[in-house]
2 protein chains.
Amino acid sequence: MTVDTRTALLDAAEYAARARGFDGFSYADLADSVGIRKASVHYHFATKADLCAAMMDRYGTDLGAACDQITARHQTGGARLLALIALYRDALQGGKTLCLCVALTGSRASLPDAAIEQIKAFRAMMLARLAAVFSAGQKDSTIKYVSDPASEACATLALLEGAHLTARAAENVGTFDDAVRVLKSRC
Amino acid sequence: MTVDTRTALLDAAEYAARARGFDGFSYADLADSVGIRKASVHYHFATKADLCAAMMDRYGTDLGAACDQITARHQTGGARLLALIALYRDALQGGKTLCLCVALTGSRASLPDAAIEQIKAFRAMMLARLAAVFSAGQKDSTIKYVSDPASEACATLALLEGAHLTARAAENVGTFDDAVRVLKSRC
DNA sequence: GTCTATAATAGGATAGAC
DNA sequence: GTCTATCCTATTATAGAC
């Protein structure tokens with residue numbers, strides 16, 4: 001029972017974008033999801049570009065908050081890395097959805113310019129956080145075999161996003177676990 | 001100067017699917033690409049599902065052949081792994097396209113059932129080849145720190161596909177290189 | 001804020017002439 | 001094999017009533 005229609009629309013848009021890509025959902029789908037008419041969706045978001053910007057804005061805020069919480073709750077590099085892996089795993093929703101970055105990158109050609117910049121910003125943020133985690137794990141010896149934290153961060157972001165694809169293709173979260181097994185064994 | 005219209009259509013469809021996803025291109029786009037009318041495209045491929053099946057069929061054959069060539073040309077596990085990494089790198093076409101598996105997984109919800117099975121088959125093939133490569137690299141000591149070849153294969157496929165996404169998001173192949181640096185340093 | 005109605009365009013697909 | 005013409009549906013978006 002969502003009270004706020006705008007929030008309900010953002011929820012529906014985010015789920016649809018992550019499940020089907022930016023070209024894979026329409027205003028009609030969102031209207032059906034929240035139980036209003038197509039035209040009413042335009043009242044909240046005049047264009048699909050506006051909707052996209054609002055959706056990604058909220059996503060970036062939520063993602064940053066989730067990462068901050070991980071930093072606050074876990075003290076070692078290894079524990080933080082395991083928590084980040086779990087965060088990505090949860091985002092799969094049983095293999096039904098990808099993280100928004102992954103989903104929208106496939107639709108890159110249809111995205112507003114602003115969205116492409118937002119995706120780059122998300123990735124830059126995650127890379128910085130991952131590099132910090134590897135750096136901490138190297139110092140406190142809670143992550144094994146760390147060579148260069150920046151390189152490890154690039155590899156880990158790619159691994160997590162690729163593991164999302166694997167799990168989405170199979171609609172089976174077990175393949176995500178298979179893909180991150182070696183990484184987890186280093187913590 | 002392609003002589004065969006059907007081949008030209010498959011080329012256009014594959015490029016479009018890899019650059020924009022399955023929902024991101026239309027028969028009109030293909031018609032424009034090869035210089036015929038929309039209706040004529042339907043002569044070669046009655047439905048988009050037929051086109052998709054033909055496209056993936058050809059892709060699977062080409063990919064298998066490329067992998068066979070790598071096996072024939074390189075003798076050690078390490079050399080074969082480096083060659084597979086280079087194969088994926090080439091598939092990026094400067095950050096303009098993803099590999100077909102990655103691109104279509106984002107459009108999963110719109111795919112014919114047959115296509116989903118084909119994607120799973122591609123992945124299974126690549127996992128088997130990668131596991132063999134890691135197994136060989138472990139025995140001949142040309143890949144360092146190999147624990148379990150099957151787990152390494154899952155992680156590597158995810159890494160390569162994730163590195164594709166990273167490079168596509170940035171439209172910059174350098175980010176692919178960043179993501180695979182740690183893996184390459186093990187060879 | 002939500003509705004009906006409507007516009008303008010694009011999508012996949014078919015019929016039948018050449 | 002390719003064309004024109006057409007169909008039906010979907011899509012983004014707007015105008016104006018309630």
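See the structure printed just above.
Residues numbered from 1 in each chain as written. Chains lettered and ligands numbered in written order. Predicted model: local features only at pLDDT ≥ 70, side-chain atom pairs only at ≥ 80, totals over all residues. Heavy atoms only, no water.

Caption draft 1: Structural detail: the overall build of chain A. Looking only at helices and strands, chain A features 9 helices and 0 strands. Put simply, chain A runs from its N terminus to its C terminus through helices and strands in the order α-α-α-α-α-α-α-α-α. The C-alpha atoms of chain A give 18 Å as radius of gyration, which agrees with the globular expectation for 187 residues (16 Å, within 12%). Each principal axis of the C-alpha atoms in chain A carries an extent, and together these give about 55 × 35 × 30 Å. Out of the 187 residues in chain A, the part that is buried amounts to 51%. Partitioning the intrachain contacts of chain A with sequence separation of at least 6 by distance along the chain shows that 67% fall at a separation of at least 24. A total accessible area of about 8000 Å² is found for chain A, and carbon and sulfur atoms account for 53% of it. (Helix = DSSP H or I, 4+ residues; strand = E, 2+ residues; numbered from the N terminus. Rg over C-alpha atoms; globule rule 2.2 N^0.38 Å. Buried < 20%, exposed > 50% of the residue type's maximum accessible area, 1.4 Å probe, protein only. Contact = heavy atoms within 4.5 Å. Areas by Shrake-Rupley, 256 points an atom, 1.4 Å probe, with all protein chains shown as cover.)

Caption draft 2: Summary view of the relation of the copies chain B and chain A. For the match of chain B to chain A, the screw axis carries a shift of 0.0 Å, the RMSD comes to 0.0 Å, and the turn is 180°. What the superposition gives is, in effect, a two-fold axis relating one chain to the other. Both copies present the same face, since 100% of the interface residues in chain B are matched by interface residues at the equivalent positions in chain A. (Least-squares fit on C-alpha atoms with pLDDT ≥ 70 in both.)

Caption draft 3: Up close: the interface of chain B and chain A. Each partner contributes residues to the interface: chain B has 35 residues there, and chain A has 35 residues. For the chain B and chain A pair, buried surface summed over both sides reaches about 2700 Å², with 65% attributable to carbon and sulfur atoms. When the area that chain B buries against chain A is broken down by residue, the three leading residues are Arg108(B), Leu165(B) and Ala169(B), summing to 19%. Close ionic contact of Arg108(A) with Glu171(B) constitutes a salt bridge, the shortest N to O distance being 3.5 Å. At the surface where chain B touches chain A, the tally comes to 6 residue pairs in polar contact (both at pLDDT 80 or more). Looking at the side of chain B that touches chain A, the elements that each hand over two or more residues are helix H1 (5–20), helix H6 (100–106), helix H7 (113–139), helix H8 (149–170) and helix H9 (174–184) of chain B. (Buried area = accessible area lost by both parts, 1.4 Å probe. Salt bridge = Lys/Arg side-chain N within 4 Å of Asp/Glu carboxyl O. Polar contact = N/O pair within 3.5 Å; in protein donor to acceptor, adjacent residues only side chain to side chain.)

Caption draft 4: View of the protein's contact with DNA strand D. Within the structure, DNA strand D sits among 15 residues, and Lys38(A), Lys48(A), Arg37(B), Ser40(B) and His44(B) are positioned closest to it. Among all atoms of DNA strand D positioned within 4 Å of the protein, those belonging to sugar or phosphate total 58%. Within the contact set of DNA strand D, a phosphate oxygen lies 3.1 Å away from a side-chain nitrogen or oxygen of Thr5(B). Looking at the surface near DNA strand D, the elements that each hand over two or more residues are helix H3 (38–44) of chain A together with helix H3 (38–44) of chain B. With 4 residues, H3(B) is the largest single contributor of residues to the surface near DNA strand D. Partitioned by chemical class, the residues of the surface near DNA strand D number 6 nonpolar, 6 polar and 3 charged. (Near = heavy atom within 4 Å. Nonpolar A, V, L, I, M, F, W, Y, C, P; charged D, E, K, R; others polar.)

Caption draft 5: Just the packing of helix H7 (residues 113–139) of chain A against helix H8 (residues 149–170) of chain A, in detail. All names here are of chain A. Across the interface, H7 lies against H8 with an axial gap of 8 Å and an inter-helix angle of 120°. Overall, the two elements H7 and H8 adopt an arrangement that is oblique. Handedness of the crossing formed by H7 with H8: right-handed. Between H7, through Arg 123, Met 126, Leu 127, Leu 130, Ala 131, Phe 134, Ser 135 and Gln 138, and H8, the contact on the second element is made entirely by Pro 149, Ala 150, Glu 152, Ala 153, Cys 154, Thr 156, Leu 157 and Glu 161. (Axes fitted to C-alpha atoms, helices over the stretch in contact; angles between N-to-C directions. Parallel < 35°, antiparallel > 145°, perpendicular 65-115°, else oblique. Left-handed = near helix turned anticlockwise from the far one by under 90°.)

Caption draft 6: Representation of the layout of surface pockets within the structure. If you add up the space inside the largest pocket, you get close to 600 Å³. Surrounding the largest pocket, 23 residues form its lining, Glu152(A), Val182(A), Arg186(A), Val182(B) and Arg186(B) being those nearest its centre. Of all the elements in the fold, those that place two or more residues in the lining of the largest pocket are H8 and helix H9 (174–184) of chain A together with H8 and H9 of chain B. Residues that form the lining of the largest pocket fall into these classes: 11 nonpolar, 6 polar and 6 charged. (1 Å grid on protein atoms, 1.4 Å probe; cavity = no way out; pocket = protein on both sides within 12 Å on 5 of 7 lines; lining within 4 Å. Points joined across faces, edges and corners; volume = space filled by probe spheres on them.)

Caption draft 7: Structural detail: the environment of Gly137(A). Residues and elements named next belong to chain A. The topology assignment puts Gly 137 in helix H7. Here Gly 137 falls in the buried class, since its relative accessible area comes to 0%. For the pair formed by Gly 137 and Leu 81, sequence separation is 56 residues and the distance between their alpha carbons is 8.5 Å. Every residue in contact with Gly 137, bar those within four places of it in the chain, is listed here: Gly 77, Gly 78, Thr 142 and Ile 143.

Caption draft 8: Layout of the protein's contact with DNA strand C. Close to DNA strand C lie 15 residues, the nearest being Arg37(A), Ser40(A), His44(A), His42(B) and Lys48(B). Tyr43(A) is positioned such that a nitrogen or oxygen atom in its side chain is 3.4 Å from a phosphate oxygen of DNA strand C. With respect to DNA strand C, the side chain of His42(B) contributes an N or O atom lying 3.1 Å from a base nitrogen. Breaking the surface near DNA strand C down by element, the ones donating at least two residues are H3 of chain A together with H3 of chain B. Broken down by element, the surface near DNA strand C gets its largest block of residues, 4 residues, from H3(A). When the residues that make up the surface near DNA strand C are grouped by side-chain class, the tally is 6 nonpolar, 6 polar and 3 charged.

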